[in-house]
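# Observations on chain architecture
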Amino acid sequence: TLAYLAHKLDRRHAHVARDYIRTACPALDEAQVEQRVRKAFAHLIETTLDAEWRAARVAPERLRDYVSIEVSPQAQAVFASGRGLVFATAHCGDWEVAGTVMPWVAPQPLYVVSKPPNNRPLSIRAQALRERFGLRLVPRNGAMQYASAIVQGGGALALMLDQRPRRGGVEGLFFGRPALADRSAGVLLKRLRAPLVVAGAWRVGERRWKLVVDTVIEPAEYAGRDPLEVVARVNRELERLILHEPDQVFWLHDRYGVRRGAQPGAG
């Protein structure tokens, strides 16, 4: 019911979600697009309520009981090496679970780049929930000034790279359409020689989740190559994460700058 009301009343976000979904899922008809827009609102609400449930009912040391974990051999080798690294992920599945369960997967101290909600009470609550499960938060504005110390000190920096950057972005193709992309991952891989590890967590049942840590992009793969090639590779990985469970995606981001005058996607 809440998702239905949000879909009807929040026309701004519904509009950008339609555009995003039409671009990423061109085979859908208009009825299916509207259904997925509603599911995007529902997913946001469910993810928020799940976070509150975990805070009230699950002790941090018991969270692992609710999450199955799948880690590729390449990722296991990176974790075992003790090197600093960068996690790359998107607003799909349950990104809060992905961050809070990661200490059971990788020994590197985890720092998550986070943009707090504009609503101050919500921001305070989100901070409290994340810190309860041991997350170290880095503010999105100015995050790169901390990145070198974190990665070179053997830590892991988690970046949500599917949002449209407000400044400093580079243009690339996202689902075949020009869009500004965050260049942070490429900079860290090239300058600090930090491996990029792609991860995501999805709901697989009633209050059950699965964390998948699979792809590793090593700095040697892009030595001497244009940093834009790294951006293109990261975009492809994000597309794969998003399409893994399209009904568990936060499609409400203005990924293509529609509200800023960009042309809506086909469909």
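An account of the accompanying structure is given in this report. (Residues numbered from 1 in each chain as written. Predicted model: local features only at pLDDT ≥ 70, side-chain atom pairs only at ≥ 80, totals over all residues. Heavy atoms only, no water.)

### Quick word on the packing of helix 1 (residues 2-9) against helix 3 (residues 30-57)
Relative placement of two packed helices is described by the angle separating their axes and the distance separating the axes. In the contact formed by helix 1 and helix 3, the axes pass within 8 Å of each other and the chain directions differ by 120°. Looking at the two axes, helix 1 sits oblique to helix 3. Pair helix 1 / helix 3 crosses with right-handed handedness. Contacts between helix 1 and helix 3 pair Leu 2, Ala 3, Tyr 4, Ala 6 and His 7 from the former with Glu 34, Val 37, Arg 38, Phe 41, Ala 42 and Ile 45 from the latter. Of the residues contributing to the contact of helix 1 with helix 3, the split by class is 8 nonpolar, 1 polar and 2 charged. (Axes fitted to C-alpha atoms, helices over the stretch in contact; angles between N-to-C directions. Helix = DSSP H or I, 4+ residues; strand = E, 2+ residues; numbered from the N terminus. Parallel < 35°, antiparallel > 145°, perpendicular 65-115°, else oblique. Left-handed = near helix turned anticlockwise from the far one by under 90°. Contact = heavy atoms within 4.5 Å. Nonpolar A, V, L, I, M, F, W, Y, C, P; charged D, E, K, R; others polar.)

### A word on helix 3
Helical periodicity: at 3.6 residues per turn, an α-helix aligns residues three or four positions apart in one direction. In a regular helix each residue adds 1.5 Å, so 28 residues correspond to 40 Å; helix 3 covers 40 Å between its end C-alpha atoms and thus fits that length. Among the residues of helix 3, the N-terminal cap falls to Asp 29, whose side-chain oxygen and the backbone nitrogen of Ala 31 are separated by 3.2 Å. (Expected span 1.5 Å × (residues − 1). Polar contact = N/O pair within 3.5 Å; in protein donor to acceptor, adjacent residues only side chain to side chain.)

### Some remarks on unusual backbone geometry
Even without glycine at this site, Phe 175 takes up a positive phi of about 55°. Look at Phe 175 and you get buried, because its relative accessible area is 15%. (Buried < 20%, exposed > 50% of the residue type's maximum accessible area, 1.4 Å probe, protein only.)

### Re helix 2 (residues 11-24)
With 14 residues, helix 2 should cover 20 Å at 1.5 Å per step; its first-to-last C-alpha distance of 20 Å lies within 8% of that length. Turning to helix 2, its buried residues are Ala 14, Val 16, Ala 17, Asp 19, Tyr 20, Ile 21, Thr 23 and Ala 24. Lining the buried residues of helix 2 we find helix 1, helix 3, strand 6 (170-174), strand 7 (177-181) and helix 9 (227-244).

### Considering the nonpolar core
Counting 50 residues, the largest nonpolar core has Leu 157, Phe 174, Leu 196, Ile 242 and Trp 251 as its most contacted members. Apart from the residues lying within four places of it in its own chain, the contact partners of Leu 196 are Val 86, Ala 185, Leu 189, Thr 215, Val 216, Ile 217, Val 230 and Val 234. Of all hydrophobic cores here, the second largest spans 29 residues; its members include Tyr 66, Phe 87, Val 97 and Ala 156. (Core = buried A, V, L, I, M, F, W, Y, C linked by side-chain atoms within 4.5 Å.)

### Observations regarding the pairing of strand 8 (residues 196-205)
Most of strand 8 is tucked away: 8 of the 10 residues are buried. Judged from the 3 bridges that link them, strand 2 (residues 85-89) and strand 8 form a sheet pairing that is parallel. The residue of strand 8 that forms the bridge with Phe 87 is Val 197. Bridge count for strand 8 against strand 9 (residues 208-217) is 8 bridges, and the pairing is antiparallel. (Pairing = 2+ DSSP bridges.)

### Quick look at the sheet that holds strand 4 (residues 136-139)
Sheet architecture is open: 7 strands sit in the order 1-9-8-2-5-3-4, paired in mixed fashion. What marks the edges here is a single partner per strand, and that holds for strand 1 (67-71) and strand 4. Direction aside, neighbouring strands of the sheet carry axes that sit 25° apart on average. Summarising the sheet, strand 3 (residues 110-114) and strand 4 pair through 4 bridges and their orientation is parallel. For Tyr 111, the partnering residue across the bridge sits in strand 4 and is Arg 136. With respect to the sheet, helix 3 is in contact with strand 8 and strand 9, its orientation differing from that of strand 8 by roughly 90°.

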